[in-house]
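# Secondary and tertiary structure notes
Residue strings, one per chain:
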Amino acid sequence: MKKIFYMVIASVLITTSCKNVLNIDDLNSLDEDKVWNDPNLVNAYLANLYQLFGNWEVSLDNNSEQLIGITFPLDAVTVNSTSYKAWDYTRIRQINTAIQKINESTGLVKETKDNALGQLLFMRAYMYFNMVKHHGGVPYITVPQALTSADLQVTRNSTKECFDLMIKDLNDAISLLPETILKSSSDYGKIDGNYAVAFKAKVLLYKASPQFNPSNPFGNAYWAEAHTANKAAYDQLKANGYGLTAEYQNIALQEKGAEAVFVVINQYPNKVANWDNGVRPGSESRGPAAAVPSWEFVKAFPMKDGKLYNDPTSIYFKTDDQFLQSYWENRDPRFDKSIVWNGKIYEVSGKVGKRQYTGVGVATALDDFGVNPKANTPSENLNRYSGFFILKNSKLSLKQTEVQTQYDVDYIVMRFAEVMLNYAETANETGDFNTAMGILKEIRVRAGIEAGVDGTYGIKATDKASLRDAILAERNIEFSFEGHRFWDLRRMRRLDQLNNKTKFGVEAIAVNPDGSEMDLTAAANLAKTYQLKENQFKYSVRQVPNTGAKVNIVPDTYYFFPISQSSIDKNPKLLQNKDWGGTFNPTLE
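Residues numbered from 1 in each chain as written. Predicted model: local features only at pLDDT ≥ 70, side-chain atom pairs only at ≥ 80, totals over all residues. Heavy atoms only, no water.

- If you check an unreviewed UniProt entry, the protein chain appears there as Starch-binding associating with outer membrane from Sphingobacterium nematocida.
- Taken directly from UniProt, the Subcellular location (unreviewed entry) text for the protein chain runs: "Cell outer membrane".
- Entered under Sequence similarities (unreviewed entry) in the UniProt record, the comment concerning the protein chain runs "Belongs to the SusD family." (UniProt positions renumbered as here; feature names shortened; annotations may be inferred.)

### A short note on the overall build of the protein chain
- Summing up its helical and strand segments, the protein chain has 21 helices and eight strands in all.
- The 589 residues of the protein chain split such that 56% are buried.
- Within the protein chain, residue pairs in contact and separated by at least 24 positions form 73% of the contacts whose partners lie at least 6 positions apart.
- When the accessible surface of the protein chain is split by element, carbon and sulfur atoms take 51% of a total near 24400 Å². (Helix = DSSP H or I, 4+ residues; strand = E, 2+ residues; numbered from the N terminus. Buried < 20%, exposed > 50% of the residue type's maximum accessible area, 1.4 Å probe, protein only. Contact = heavy atoms within 4.5 Å. Areas by Shrake-Rupley, 256 points an atom, 1.4 Å probe, with all protein chains shown as cover.)

### Considering the domain arrangement of the protein chain
- By domain assignment, the protein chain separates into domain 1 (34-57 + 84-264), domain 2 (275-399 + 500-552) and domain 3 (432-497).
- Computed over C-alpha atoms, the centres of domain 1 and domain 3 are 27 Å apart.
- Between domain 1 and domain 3, the residue contacts involve 16 residues of the former and twelve residues of the latter.
- Contact with domain 3 buries surface across domain 1, with F218, L244 and Y248 losing the most and accounting together for 35% of the total. (Domains from an automatic or database assignment. Buried area = accessible area lost by both parts, 1.4 Å probe.)

### Brief notes about the side chain of R280
- Its place among the elements puts R280 in the loop between α12 (275-279) and α13 (295-300).
- There is a polar contact of 3.4 Å between the side chain of R280 and the backbone oxygen of E284. (Polar contact = N/O pair within 3.5 Å; in protein donor to acceptor, adjacent residues only side chain to side chain.)

### Some details on the side chain of E259
- Note that E259 resides in the loop between α11 (250-253) and β1 (260-264).
- We classify E259 as buried; its relative accessible area is 0%.
- Those residues in contact with E259 that sit more than four places away from it in its chain are G243, L244, T245, I251, M414, R415, F416, A417, R446 and E478.

### With respect to the confidence of the model for the protein chain
- Mean pLDDT over the protein chain stands at 94; residues scoring 70 or higher make up 94%.
- Of all helices and strands in the protein chain, the one with the weakest mean pLDDT is helix α2 (residues 18-22) (37), whereas helix α9 (residues 193-208) scores best (99).
- Note that residues 10-27 has pLDDT below 50 and, in this model, 16 contacts with residues that lie over four places away or in other chains. (pLDDT = per-residue confidence, 0-100.)

### Some thoughts on the environment of A508
- Structurally, A508 can be placed in strand β7 (residues 503-510).
- For the pair A508 and Q536, spaced 28 residues apart in sequence, the C-alpha to C-alpha distance is 9.3 Å.
- Apart from residues no more than four positions distant in its own chain, A508 is found in contact with N342, T358, G359, V360, F537, K538 and Y539.

### With respect to the pattern of salt bridges
- Overall, the coordinates contain 40 salt bridges when judged by the stated rule.
- Among the salt bridges present, the one from D169 reaches R124, with a minimum N-O distance of 2.9 Å. Of this pair, D169 sits in helix α8 (residues 159-176) while R124 sits in helix α6 (residues 110-135), and the two are 45 residues apart along the sequence.
- Notably, a salt bridge pairs D332 with R334, separated by 2.8 Å at the nearest N-O pair. For the pair shown, D332 and R334 are each scored as buried.
- Three or more residues are tied together by salt bridges with common partners; here these are E259, D332, R334, K392, R415, R444, R446, E474, E478 and E482. (Salt bridge = Lys/Arg side-chain N within 4 Å of Asp/Glu carboxyl O.)

### Let's talk about the nonpolar core
- Ranked by internal contacts, the top residues of the largest apolar core, which has 158 residues, are F53, F122, Y195 and Y327.
- Per-element tally for this core: the top contributor is α6, with 13 residues.
- For Y327, the residues in contact, after removing those within four places along its chain, are W295, V298, F335, W341, N342, F388 and Y539.
- I68, V292, Y385 and F389 belong to the second largest nonpolar core, which has twelve residues in total. (Core = buried A, V, L, I, M, F, W, Y, C linked by side-chain atoms within 4.5 Å.)

### Re the UniProt feature "domain: RagB/SusD" (unreviewed entry) in the protein chain
- Those residues carrying the UniProt feature "domain: RagB/SusD" (unreviewed entry) are residues 277-580 in this numbering.
- In residues 277-580, helix accounts for 28% and strand for 10%; the two terminal C-alpha atoms are 39 Å from one another.

### Focus: the packing of aromatic side chains
- Applying the stated criterion across every chain, the model contains 47 aromatic pairs.
- Ring centres of W56 and W275 lie 5.4 Å apart, and the angle between their planes is 55°; on these two criteria the pair is classed as tilted. In this pair, W56 sits in the loop between α4 (39-49) and α5 (89-104) while W275 sits in helix α12, placing the two residues 219 residues apart along the sequence. As far as the burial class goes, W56 and W275 line up, both buried. (Phe/Tyr/Trp six-rings, centres within 6.5 Å; stacked < 30°, edge-to-face > 60°.)

### Some thoughts on the environment of A260
- As for its position among the elements, A260 is in strand β1.
- Considering only alpha carbons, one finds A260 and D367, 107 residues apart in sequence, at a separation of 33 Å.
- Those residues in contact with A260 that sit more than four places away from it in its chain are K183, Y188, Y242, I412 and M414.

### So, the packing of α8 against α9
- Across the interface, α8 lies against α9 with an axial gap of 10 Å and an inter-helix angle of 165°. For the element pair α8 / α9, the angle class is roughly antiparallel. In this structure, the crossing between α8 and α9 has a hand that is left-handed. Residues F163, D164, M166, I167, L170, N171 and I174 of α8 lie in contact with α9, whose contacting residues are A196, V197, F199, K200, V203, L204, Y206 and K207.
- Class assignment for the residues of the contact of α8 with α9 results in eleven nonpolar, one polar and three charged. (Axes fitted to C-alpha atoms, helices over the stretch in contact; angles between N-to-C directions. Parallel < 35°, antiparallel > 145°, perpendicular 65-115°, else oblique. Left-handed = near helix turned anticlockwise from the far one by under 90°. Nonpolar A, V, L, I, M, F, W, Y, C, P; charged D, E, K, R; others polar.)

### As for unusual backbone geometry
- Of note, the bond from Y268 into P269 is cis; its omega dihedral lies within 30 degrees of zero at 5°.
- With respect to the helices and strands, P269 occurs in the loop between β1 and α12.
- Going from V544 to P545, the amide bond is cis rather than trans, its omega being -5°.
- For P545, the location among the structural elements is in the loop between β8 (537-544) and α21 (565-570).
- One non-glycine residue, D75, lies in the positive phi region at around 60°.

Structure below.
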């Protein structure tokens, strides 16, 4: 453990400040007392732990309907597999060690100790929340375990005990952390009280949720507790200057905006992410796009009036056939800012006027999708593409040679829109319909949706149940590709929306003004100078993937994933969840 600790300290110091490394003693000769009495080494240790918050990842919504791919084939989750397991007690031990050593330290001033302990207590609650979200109650260890079998043989805390301990850790963290770290501060990117109160409110939202209260999903007493916390978080953050970024497309791309509650800082060349390389078409990246939107998600975006395309009350109503041939017209402005479609202007890599094409024989083979029999060969991308790409949060100025090494946009872990919609949920469930509706309208005003003659922005909810559905649908669009959707459906016990579902893409074939198919050579030549527009194609729906598993299997047992059998083999005191052959009840009931 000591060897690992010193390696962590060394690696962090070397990557963050070569100058500081030259000014400290040989790391291998340091004793632990010296480490925990040196604020620079303590900060280095904490900096390493911040990796737990992750970074940009294009596959965050693979489990939902937003992206193509069947991630839940039959038996995708088993007790013996490593998938969908959250069991990081190595990091818990690192956190607990730091808490103990800092508490014992005599060389750190109180302000330094309090700030470090506040961050660590938050991190511990954050880690346990992820475990409980996956499995229900887990062993909630708060001291460094000795590496002996007797000390490691622990039982699971009940799910209620885990929530109580998480809230205690978060309350303790809030009492120690500075309420606000200014965006101009050199400490920006560290946990502050604003993020802690917002995350505590999120934890309590989960505690009240149908996932943990299946027999009383919306009438349980936890909703009042969650509402109090979410209102307090909303009020505090708003009073401290947080709000919605004026333009939806700028939420992440214009860094340190009013909406960013907590971020992971990226800065070229020291720290970069892989977002653009993962979402761009193959011709503009260093390989095929790793995540692409599905036709199902394209249809989920409302029209400009906030209503779905097939809603007879929408002024933009279209039949399914009409919509397929003009799906890009009169949409919620977030659609234009989030999705790349065939023929869309996509000025990537500084290419002025560039349009992105996806049709076989028209698009480059790295970008195409379809089986047009008049092409020399069908697309080789039928299992991984859909005819759409992700635009959201893409840094279009990066050249193709730069996407792997220079995407350094700060990763937003939590933004104020989430604080707002969490508050709207609890307000609705506790009887404050008007507050919930007002927040939903505010989100849609920022999106650019038309108010309509009735001023409802297309929201048709008239009671608690329908507003609940409206909030869930809004979260799907507002947080597209940010990793919320699967967990939202699971929290609300709506996994049936994914179960037994297939996914589709859209093929584009260029046509002449009379509707006949255009000669592919002529179409390809027009495409080279970006002369073909969206309405010069005909569109057809094709199932993806083209081979292999084509249906998602998402049973009710997935509301709580099993504990890994390997963990139980190491510690027989762990009880398996009741839906996976054990007796442990992971709910609050």
